[in-house]
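As a plain string of letters, each chain reads:
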Amino acid sequence: MLRRGRLTQAQRDAALRRRIRRPPAHWTLIGFCVVALLLLLLVQGFSTLSTGGSGTPAGAAAHAAPVPGTLIANARGQLVSRERPSGRQIALTFDDGPDPHWTPRIASLLQSQHVPATFFVVGSDAVRHPGIIRMLHRGGFELGDHTFTHSDLTKLPGWQRSLQIDLTENAIAGIVGVHSRLVRLPYSSTRAAVTRPQARVIRQLADKGYIVALTDFDSDDWTRPGVGAIVRAASPGGSRGGVVLMHDGGGDRSQTLAALKRLIPQLRARGFRFVRLSELSRLPVAAVEPPARSWDRLRGRLLLATLAVARFTTTVLTWMLVAVAVLTVLRTVLVLALARGHARHTRRIVPDATFTPPISVVVPAFNEAVDIGRTVRALAASDYPEFEVIVVDDGSVDGTGDIVERLELPRVQLLRQLNLGKPAALNRGVAAARHDLIVTADADTIFEPHSLRRLAQAFRDPAVGAASGNTKVGNRQGLLGRWQHIEYVMGFNLDRRLYDVLRCMPTVPGAIGAFRRAALADIGGVSDATLAEDTDATLAIGRAGWTVVYVEDARAWTEAPSSLAALWRQRYRWSYGTMQAVWKHRAALWRPGEGRIGHRGIPYLSTFQIVLPSLAPLVDLFALYGLVFYDSLAVLAYWVGFNALQLLLAVYAFRLDGESLRPLWLMPLQQFVYRQLMYLVVIESVVSALLGVRLRWHRSERTGEVRIAA
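Quick summary incoming for the structure in this document. (Residues numbered from 1 in each chain as written. Predicted model: local features only at pLDDT ≥ 70, side-chain atom pairs only at ≥ 80, totals over all residues. Heavy atoms only, no water.)

## Things to note about the overall build of the protein chain
Argument step 1. Within the protein chain, the secondary structure is distributed over 26 helices and 17 strands.
Argument step 2. Classification of the 710 residues of the protein chain by burial places 55% in the buried group.
Argument step 3. Pairs at least 24 residues apart make up 83% of the contacts formed inside the protein chain by residues separated by at least 6 positions.
Argument step 4. Here the protein chain has roughly 30700 Å² of accessible surface; of this, 60% comes from carbon and sulfur atoms. (Helix = DSSP H or I, 4+ residues; strand = E, 2+ residues; numbered from the N terminus. Buried < 20%, exposed > 50% of the residue type's maximum accessible area, 1.4 Å probe, protein only. Contact = heavy atoms within 4.5 Å. Areas by Shrake-Rupley, 256 points an atom, 1.4 Å probe, with all protein chains shown as cover.)

Below is the structure:
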């Protein structure tokens, strides 16, 4: 009877499967981060990328409403005029800022001439340049509200109109501690440009206590040549000034600065006096800029902080997107160039039919009753002259070993042991092998008859310590199988060609690989320190000075996972194990004697199997983001180009492998579903590694549907 708290191996395996199948606790953290990221992107998109252009709509006067006066204020729910006092008074107002280049220059000129002014600020620009707002406030300039994103309020529902005004008011309160009750609507600055819909919006704002400022003279007039005539027109009869609209943001404002330098002395020479907008309309300062309450200031600071985080996040993600694009193009160029060179080199190799050293094939098996019979029979049918097959039953409880015994094949030997894991089973098989050339095969993999002969040819070079075969998906009938088939051909096999040319192969797959006994002895056998024992062993062999090569015509057909859950568990283990192996062998990065692995293999493996998949979802995320907030055609062109590059790579890879191009019609759908799943697996693995989650090796469910394609 088992003691309390002790579990059998089958119970532990079942618990592990449940653990990987169910979302781990840190998925909550990932989900929270994703939601927070999306919210920040939406905030940033709303605050900066939906801003309209500056200006007054042409022809607006034809539909103008009879709105008299310069300032419209609330008086018993009606629009009334704040009449200007008599005398030559000019109130300069500036719209569409703050601009980090022009606003400080304009303010400096005004201060040097002792000219007050009112700046109607766009809230989204104010939160990006709070220092300029503080500078204006300290300089005695009035601040007004020009909406948050320079939007036409007549085209927005009521809640968005309120949000446009409130956000800017909160931003000003958070920056300088005062409210701004002055408002100027975009596209309706002059009385002649106010349409009836805009008049209704003005009335609604006035009802809420805002002071809506109109103007008498647009900057389009004030920045033209012939200033003297315009100055005379500004004061009919020489007895009255008015409100002047200029712009300190929204483009090149050198003309505004030049016009001010001409107009200020000319107006003063004609007897005009520059005043603040509130003074022009006989409004007390407390009515225009009342102090903000503590809660309002806090709310404004929270708005500033949130938008600052959103801007920082978007900037970082943008640079990451650039990095993804550069890495993707770089990988495509490298793979296309080196894979082509590998193909030319392979065609020049002449096989030596007399080179047939004896081979020992080691097959570790744990609960592989579904596939083990076909696997062993295929190996026994190899056309190689001298070989043995050693099946190591690693504590199976489904009769795997019994099936092998009943086959009664002359070259097949069965070893049984307690369940110790795949590395222990491999080491047991290697120790029992009679020959110095060791081939490993997974228990769900079908070797082609000539595969052993092809693998053996790689060892004609005494410097070769290991060789990778060509793993093919044998159950590619369904949609998931075809997707994995595409991935194996255009991903794994293309990369192996590149690694072969650079002599920095990081992985000899357990499904079909070959090793010199001496190379395995140099690394102390297969280690169980990682979940990717094949990558761990290959990196160790490369670091020991052996050459590892790729034999593309040594093919073996493996059973890929047939369900998304099984695929997730397999790739989760692969990805996590790869990270473990890279971390274990990180010393190769700076040891000069291990340059090929340390300076080529591990950096490439880390960049294109860990970093790039972790960042690649940004392409699709920013595609959606850009469709909403950017030029949709440009974003669509970028996304199409990115996927066209992948398709080009896939076509070339399929040609190299001699595969039919028919499955590639599924590739666009694969980009939407399968590729995202693989990226999530890598991200989950990275989070698991950072949190120190411990996993152990496990097997996938088998269906026995492996077929060798013609």
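## Some remarks on the sheet that holds strand β16 (residues 512–516)
Argument step 1. Reading across from one edge, β12-β11-β10-β13-β16-β15-β17-β14 is the order of the eight strands in this open sheet, with mixed pairing throughout. Of all the strands in the sheet, just β12 (412–417) and β14 (445–447) have a single pairing partner and so form its edges. Sheet twist, expressed as the mean angle between neighbouring strand axes with direction ignored, is 30°.
Argument step 2. Relative to β16, strand β13 (residues 437–441) is paired through five bridges, and the arrangement is antiparallel. Opposite I438, over in β16, you have F515 as the bridge partner. (Pairing = 2+ DSSP bridges. Axes fitted to C-alpha atoms, helices over the stretch in contact; angles between N-to-C directions.)

## A look at the packing of helix α18 (residues 479–502) against helix α22 (residues 595–615)
Argument step 1. The interhelical angle for the contact between α18 and α22, taken along N-to-C directions, is 160°, at an axis separation of 11 Å. Here α18 is positioned roughly antiparallel relative to α22, judged by the angle of their axes. Handedness of the α18/α22 crossing: right-handed. Judged by residue contacts, D495, L498, Y499 and L502 of α18 engage R596, R600, G601, Y604, L605 and Q609 from α22.
Argument step 2. Class assignment of the residues belonging to the contact of α18 with α22 gives a composition of five nonpolar, two polar and three charged. (Parallel < 35°, antiparallel > 145°, perpendicular 65-115°, else oblique. Left-handed = near helix turned anticlockwise from the far one by under 90°. Nonpolar A, V, L, I, M, F, W, Y, C, P; charged D, E, K, R; others polar.)

## Thoughts on unusual backbone geometry
Argument step 1. Between G97 and the following residue, P98, the backbone shows a cis peptide bond with an omega angle of 0°.
Argument step 2. Relative to the helices and strands, P98 is located in the loop between β3 (87–97) and α3 (102–112).
Argument step 3. Residues other than glycine seldom take positive phi values, yet T147 does so here, at roughly 70°.
Argument step 4. Mapped onto the elements of the fold, T147 is located in the loop between β5 (142–145) and α6 (158–176).
Argument step 5. The buried category is assigned to T147, whose relative accessible area is 0%.

## A look at the nonpolar core
Argument step 1. The biggest cluster of nonpolar side chains holds 56 residues, and the ones touching the most others in it are M490, Y499 and I541.
Argument step 2. Counting 39 residues, the second largest nonpolar core, distinct from the first, contains F119, I175, V178 and L304. (Core = buried A, V, L, I, M, F, W, Y, C linked by side-chain atoms within 4.5 Å.)

## Focus: the pattern of salt bridges
Argument step 1. For the structure shown, the criterion picks out 26 salt bridges.
Argument step 2. Notably, a salt bridge pairs R293 with D296, separated by 3.1 Å at the nearest N-O pair.
Argument step 3. For R293, a relative accessible area of 57% translates into the label exposed.
Argument step 4. For D296, a relative accessible area of 3% puts it in the buried group.
Argument step 5. The closest approach of N and O atoms between D500 and R503, which form a salt bridge, is 2.8 Å.
Argument step 6. For R503, a relative accessible area of 34% gives the class partly exposed.
Argument step 7. Put simply, K472, R476, R497, E552, D657 and E659 are held in one network by salt bridges that share partners. (Salt bridge = Lys/Arg side-chain N within 4 Å of Asp/Glu carboxyl O.)

## Some points on the pairing of strand β11 (residues 387–394)
Argument step 1. β11 sits mainly inside the fold: eight of its eight residues count as buried.
Argument step 2. Burial along β11 is two-sided: the residues F387, V389, V391 and D393 and E388, I390, V392 and D394 are all buried.
Argument step 3. Examined bridge by bridge, strand β10 (residues 359–365) and β11 share seven bridges and lie parallel to one another. The residue bridging V363 from the neighbouring strand is V391, located in β11.
Argument step 4. Note that the unit made of β10, helix α14 (residues 372–380) and β11 has a crossover that is right-handed.
Argument step 5. Where β11 lies against β12, six bridges are found, and the strand directions are parallel. When the sheet's bridge partners are listed, D394 is paired in β12 with Q417. (Right-handed = clockwise from strand over helix to strand, strands pointing away.)

## Some points on helix α26 (residues 674–691)
Argument step 1. Over its 18 residues, α26 runs 26 Å from end to end, which matches the ideal 26 Å to within 8%, given 1.5 Å per residue.
Argument step 2. What α26 keeps buried is the set Y674, R675, Q676, L677, M678, Y679, V681, V682, E684, S685, V687 and S688. (Expected span 1.5 Å × (residues − 1).)

## Observations regarding the packing of α3 against helix α10 (residues 254–269)
Argument step 1. Between α3 and α10, whose axes approach to 10 Å, the crossing angle comes to 5°. Taken together, α3 and α10 sit at an angle that is classed as roughly parallel. Residue-level inspection shows W102, R105, I106, L109 and L110 of α3 in contact with α10, the latter providing S254, T256, L257, L260, K261 and I264.
Argument step 2. Among the residues making up the contact of α3 with α10, the classes are represented as seven nonpolar, two polar and two charged.

## Looking at helix α7 (residues 196–207)
Argument step 1. An ideal rise of 1.5 Å per residue puts 16 Å on 12 residues; α7 measures up with 17 Å between its terminal C-alpha atoms.
Argument step 2. Buried within α7 are the following residues: Q198, A199, V201, I202, L205 and A206. Summarising the axial view, the buried residues of α7 lie within an arc of 160°, below the 170-degree limit, and thus occupy one face.
Argument step 3. Of the residues one or two after α7, G209 is the one with positive phi, at around 95°. (Arc of directions from axis to C-beta.)

Function cannot be inferred from these measures alone, as they are strictly geometric.
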